[in-house]
Structures are given as C-alpha cells and as structure tokens.
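Summary of structural features
These are the residues of each chain, in order.
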Amino acid sequence: MIKYRLYCEICNWKKLTDGKDIDLFEIKTCPVPGGYPKTDPVTKITTPAKSKPQPKKFRCPQCGRAVIPRKIDDPQNTIDEKKKIENSQKERAASEKEQLGKRVVYGKNWLDGDKDSA
Ligand SMILES: [Zn+2]
C-alpha cells in the first residue's frame, strides 16, 4: 500500500495519507525549466529546453507554508513490527542450536568418560 507523508518542518505538523483523503489546499506549480533552447544550425528548428515537473505542494493547515508530500511504500511501524518478529525468530533458532550443541558436547564427554572407565 502506497502512502504519503506530509510533514511541515516549520510547525511540526504531520499527516499520513493514502492520497484519497487529502482535503488540503494544493499550491499550483509550474514546471522548472532546465538548460536552454537549442537551434539546429542546418534545419533552423528550435527545440525547447527540457523542463522538470515540480512535485505537488500543499498548504500547511497550521502555518500556511508549502508542504511536499513524501511517498512511503510501507509505514515505519509495520516495518518495525516485521523486524521485531524476524529478530525474535532468529534468536529462538540460535538459542535452540546452542542448546543442541551443548547436549551433543555433554553426551560426547559422558560417553568418552564411560569408555575410559570401562
Ligand atoms: Zn506548518
């Protein structure tokens, strides 16, 4: 699920949205021109400069400054939860292996001791 995070650095206002429930005022932007127009010396055809479209901006409801929404693929809390589950599973597997190793060592020692005494 793609979500957008709106965060205002000026007043610390923030909002998570999936883009459907935005009831904010969108600030209109125009493309930023990059480079310069080029004219072909032979054909005299002018190609216009490439322009970059600007990201959408919204007005912060608290202080009125422009806020650019950031795309987030997975909200942080679900990532953290997944990591926690993975870590606990790894720890459990590691401790089980350790205990198995100890048992084998104890068994060997005990068998070796038994052989020596016999
Ligand atoms: Zn603000």
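You'll find the structure just up there.
Residues numbered from 1 in each chain as written. Predicted model: local features only at pLDDT ≥ 70, side-chain atom pairs only at ≥ 80, totals over all residues.

Turning our attention to the sheet that holds strand β9 (residues 66-67). Hydrogen bonding along the main chain pairs the strands of a sheet, whether they run parallel or antiparallel. Taken in spatial order, the three strands of this open sheet run β3-β8-β9, and their pairing is antiparallel. Looking along the sheet, the strands with just one partner apiece sit at the ends: β3 (26-27) and β9. The sheet contact formed by β3 and strand β8 (residues 57-59) spans two bridges and is antiparallel. By the bridge assignment, Glu26 is partnered in β8 with Phe58. (Pairing = 2+ DSSP bridges. Helix = DSSP H or I, 4+ residues; strand = E, 2+ residues; numbered from the N terminus.)

We now examine the environment of Pro31. Relative to the helices and strands, Pro31 is located in the loop between β3 and β4 (32-33). Spatially, the C-alpha atoms of Pro31 and Lys52 are 5.3 Å apart, while their sequence positions differ by 21 residues. If we skip the residues at most four places from it in the chain, Pro31 touches Ser51, Lys52, Pro53 and Gln54. (Contact = placed C-beta atoms within 7 Å.)

Glancing now at the sheet that holds strand β2 (residues 14-17). An order of β2-β1-β10 is seen for the three strands of this open sheet, with the pairing classed as antiparallel. A strand with exactly one partner marks an edge of an open sheet, and here the two such strands are β2 and β10 (70-72). Sheet twist, expressed as the mean angle between neighbouring strand axes with direction ignored, is 25°. (Axes fitted to C-alpha atoms, helices over the stretch in contact; angles between N-to-C directions.)

In this structure, Lys3 sits in strand β1 (residues 3-7). For Lys3, a count of 15 C-beta atoms within 10 Å corresponds to the partly exposed category. For the pair Lys3 and Ile72, spaced 69 residues apart in sequence, the C-alpha to C-alpha distance is 5.3 Å. (Buried ≥ 20, exposed ≤ 12 C-beta atoms within 10 Å, placed from the backbone.)

A word on unusual backbone geometry. Residues other than glycine seldom take positive phi values, yet Asn12 does so here, at roughly 65°. For Asn12, the location among the structural elements is in the loop between β1 and β2. Even without being glycine, Lys44 reaches a positive phi, approximately 65°. Overall, the presence of 7 C-beta atoms within 10 Å leaves Lys44 in the exposed class.

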